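Chain and residue survey
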Amino acid sequence: MGCCSSASAAQSSKREWKPLEDRSCTDIPWLLLFILFCIGMGFICGFSVATGAAARLVSGYDSYGNICGQRNAKLEAISNSGMDHTHRKYVFFLDPCNLDLINRKIKSIALCVAACPTQELKTLSEVQKFAETNGSALCSYNLKPSEYTTSSKSSVLCPKLPVPASAPIPFFHRCAPVNISCYAKFAEALITFVSDNSVLHRLISGVMTSKEIILGLCLLSLVLSMILMVIIRYISRVLVWILTILVILGSLGGTGVLWWLYAKQRMSPKETVIPEQLQIAEDNLRALLIYAISATVFTVILFLIMLVMRKRVALTIALFHVAGKVFIHLPLLVFQPFWTFFALVLFWAYWIMTLLFLGTTGSAVQNEQGFVEFKISGPLQYMWWYHVVGLIWISEFILACQQMTVAGAVVTYYFTRDKRNLPFTPILASVNRLIRYHLGTVAKGSFIITLVKIPRMILMYIHSQLKGKENACARCVLKSCICCLWCLEKCLNYLNQNAYTATAINSTNFCTSAKDAFVILVENALRVAAINTVGDFMLFLGKVLIVCSTGLAGIMLLNYQQDYTVWVLPLIIVCLFAFLVAHCFLSIYEMVVDVLFLCFAIDTKYNDGSPGREFYMDKVLMEFVENSRKAMKEAGKGGVADARELKPMLRKR
């Protein structure tokens, strides 16, 4: 919970910022609201399990409401219910390939059987023989095995021929076809190039054959990401200026080429051009002139921006350098993505299992075909909406906890003058402060993001449902709203992250911290722009470098794997994993840079380096400040800093 301090810092000239322990919490209502919401999530899970959904989900049930593998009670007005299926433990579908893509279910009669057919059954005689041999009747309960080949109802009550070979799904007791070619309609939405089953088999066999190589390449991407985080600290200056020079030279070169082409075409003789092509040549000349003028304006603006922001670029370099030192002093920061990912995976697994329980809970209802479906009636039927909101809010809460933990650790590092006096584990100390004081702040910040995400997801769902049906105006309005909500979400994410940093510094509640962070960001708008453009571009190039390096290593290793010829899927898996790993690590690096910048901005605003008001910043940042002061003095502006006391770091209430 966001908190406020009731004590002041030491008044010595070498005063230290310390996370004071005597704090009064201010965001308790939001923490209580979040706890109540989580209790509601637990109620949904408990309700779905208590109403028998767990047994129906795991053991499966037939079209008459009987749970496989146990004795069942009779359901009123439903035939074939209340059967003893103690020895029939598997669910078998008469037509497993008849899929309902809209409702996401199999449109087929489901039966409980003793065993799944492990071999293809082409005729009813083979189905009858299978029932007599294995004691597993694959036709409806109303039909005896001896009547399979003689009854006129066999075409309706028996499985569709040929019966594909199947195997039970582990833990869920459903007979699933071994050959998944009949499910190609699901795959077509994701893999458009799969036109026949042989291609899919070759892709899957390629993954299975090269699983050791894939695992090794994933570990390689992990190692490369760690190495890159160290390297950036030492090559940041060279890399930034190389990129800047290349951008300027590329812009100048492109503009020069356009003017040269314009001059060349203008000086070319017009007499040799036939009348039909004269108008085309004039149009091309006019277009070249427009392109050349536009490129010139762009180059001039870019050059002026680079000229104005060159000192801010130097600040970006210094912050990247200090960020490298942070990771040396706080090595546990590297493992933050792992803990966050692990927590998200655990929560997502719980959420999916609860969703599956919800899909099979409720009372037995007879549908139009006379078969049983389980549906929830009354207000409880809207529980899945609550469950979806929980997915977004709790996921955002977990991510916000990571941001607050990183912010607290980096703030402790920045405002500790003697790095030898750092806590033994600043990360664990930050986690402790988060749990004791800041959970309400995190809950409030994540809820704000949830409020923006839910409308955007609803609009995206409406857009997907109306695709091809709405008119051009409605489509434009929908896309505009989705785009605006996406931009708002990104802005709020950035503001939230800085609000968490301000909370770690000031010990204020979320709204006060967000206001303080917003003021600082507005006052340093050009610096923020430089860091977000140059810094983000550097990190993006780092991600591309890791993906390309991992992909190249994959091609070289897979070249020696002669057991298969299709490398597409293994390389895609490796490159996606490499990008995700690089994104996780470098996003932590980016987060550290943003926290350092806010600390630096507050430090320079309320300290000037004089006795009693010494800077907290690293020597590299001090060199940047001294160089800026010299430049200001040469320009006749002096270098006197604001003489206010250090209020934002130690705010009284």
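Residues numbered from 1 in each chain as written. Predicted model: local features only at pLDDT ≥ 70, side-chain atom pairs only at ≥ 80, totals over all residues. Heavy atoms only, no water.

Some remarks on the overall build of the protein
When helices and strands are tallied, the protein shows 16 helices and ten strands. Counting only residues that meet the buried cut, the protein has 42% of its 653 residues in that class. If you take every contact in the protein between residues at least 6 apart in sequence, the share linking residues at least 24 apart comes to 71%. Total accessible area computed for the protein in this model is approximately 34700 Å², and 67% of it derives from carbon and sulfur atoms. (Helix = DSSP H or I, 4+ residues; strand = E, 2+ residues; numbered from the N terminus. Buried < 20%, exposed > 50% of the residue type's maximum accessible area, 1.4 Å probe, protein only. Contact = heavy atoms within 4.5 Å. Areas by Shrake-Rupley, 256 points an atom, 1.4 Å probe, with all protein chains shown as cover.)

Some thoughts on the pairing of strand E10 (residues 372–375)
Side chains Val-372 and Phe-374 of E10 all project onto a buried face; the interleaved residues Glu-373 and Lys-375 project onto a face where none is buried. Between strand E9 (residues 363–366) and the antiparallel strand that follows it, E10, lie five residues; Gly-370 among them carries a positive phi value of about 85 degrees. (Pairing = 2+ DSSP bridges.)

Some details on the state of the cysteines
This model, assessed by the stated rule, comprises three disulfides. With a sulfur-sulfur separation of 1.9 Å, Cys-116 is cross-linked through a disulfide to Cys-175. With the S-S bond torsion at -75 degrees, the cross-link from Cys-116 to Cys-175 turns out left-handed. Of this pair, Cys-116 sits in the loop between strand E6 (110–113) and helix H3 (124–134) while Cys-175 sits in strand E8 (residues 175–177); the two residues are 59 residues apart in sequence, bridging distant segments of the chain. Judged by relative accessible area, Cys-175 falls into the buried class, the value being 6%. In this model Cys-139 forms its disulfide with Cys-158; the gap between the sulfur atoms is 2.1 Å. In this structure the cystine formed by Cys-139 and Cys-158 twists about its S-S bond by roughly 110 degrees; its chirality is therefore right-handed. (Disulfide = S-S within 2.5 Å.)

Section: H3
Among the residues making up H3, those that are buried are Val-127, Gln-128, Phe-130 and Ala-131. Seen from one end, H3 has its buried residues packed into an arc of 160 degrees, which puts them on one side. In this structure, H3 carries Lys-129, Glu-132 and Thr-133 as exposed residues pointing more than 90 degrees from its buried face. Gly-135 sits one or two residues past H3 and shows a positive phi near 70 degrees. (Arc of directions from axis to C-beta.)

Here's the deal with the confidence of the model for the protein
Summarising the model, the protein shows a mean pLDDT of 77, and 78% of its residues fall at 70 or more. Counted against residues more than four places away or in other chains, residues 1–17, with its pLDDT under 50, gives 71 contacts. Low pLDDT, under 50, characterises residues 184–203; the predicted model gives this stretch 15 contacts beyond four residues in sequence or across chains. (pLDDT = per-residue confidence, 0-100.)

Things to note about a nonpolar patch on the surface
Judged by side-chain polarity, Leu-355, Tyr-382, Trp-384, Trp-385, Ile-458, Tyr-461, Ile-462 and Leu-466 come together as a nonpolar surface patch covering roughly 790 Å² of accessible area. Of all the secondary-structure elements, those providing two or more residues to the nonpolar patch are helix H10 (383–414) and helix H11 (426–465). Take the nonpolar patch: its biggest share by element is three residues, from H11. With respect to the element layout, Ile-458 can be found in helix H11. (Patch = residues over 30% accessible without salt bridge, like charges linked within 9 Å, V, L, I, M, F, W, Y side chains within 5 Å. Salt bridge = Lys/Arg side-chain N within 4 Å of Asp/Glu carboxyl O.)

A few points about the side chain of Ser-395
Among the secondary structure elements, Ser-395 is positioned in helix H10. You can call Ser-395 buried: its relative accessible area is 9%. From its side chain, Ser-395 meets the backbone oxygen of Leu-391 in a polar contact 2.6 Å long. Contact partners of Ser-395, with chain neighbours within four places excluded, come to Leu-344, Phe-347, Trp-348 and Gly-390. (Polar contact = N/O pair within 3.5 Å; in protein donor to acceptor, adjacent residues only side chain to side chain.)

What about the pattern of salt bridges?
If you walk through the whole model with that rule in mind, you get five salt bridges. In this structure, Lys-453 engages Glu-489 in a salt bridge whose closest nitrogen and oxygen atoms are separated by 3.8 Å. Residue Lys-453 is found in helix H11, and its partner Glu-489 is found in helix H12 (residues 472–506); the two are separated by 36 residues along the sequence. The residues Lys-453 and Glu-489 share a single accessibility class, namely buried.

Overview of helix H13 (residues 510–523)
In a regular helix each residue adds 1.5 Å, so 14 residues correspond to 20 Å; H13 covers 20 Å between its end C-alpha atoms and thus fits that length. Where H13 is concerned, the buried positions are Phe-510, Thr-512, Ser-513, Ala-514, Asp-516, Ala-517, Ile-520 and Leu-521. With a side-chain oxygen positioned 3.4 Å from the backbone nitrogen of Cys-511, the residue opening H13 is Asn-509. (Expected span 1.5 Å × (residues − 1).)

Here we look at the packing of helix H9 (residues 336–359) against H10
Between H9 and H10, the shortest axis-to-axis distance is 10 Å and the interhelical angle comes to 170 degrees. When the axes of H9 and H10 are compared, the pair comes out roughly antiparallel. In terms of residue class, the contact of H9 with H10 is made up of 16 nonpolar, eight polar and no charged. (Axes fitted to C-alpha atoms, helices over the stretch in contact; angles between N-to-C directions. Parallel < 35°, antiparallel > 145°, perpendicular 65-115°, else oblique. Nonpolar A, V, L, I, M, F, W, Y, C, P; charged D, E, K, R; others polar.)

Concerning the packing of helix H1 (residues 28–50) against H11
Contact pair H1 / H11: the axes reach a minimum separation of 7 Å and the direction vectors enclose 70 degrees. Between H1 and H11, the angle falls in the class roughly perpendicular. In this structure, the crossing between H1 and H11 has a hand that is left-handed. Residues Trp-30, Leu-31 and Phe-34 of H1 form the contact with H11, whose own contacting residues are Leu-439, Gly-440, Ala-443, Lys-444 and Phe-447. Here the residues of the contact of H1 with H11 are counted per class, giving six nonpolar, one polar and one charged. (Left-handed = near helix turned anticlockwise from the far one by under 90°.)

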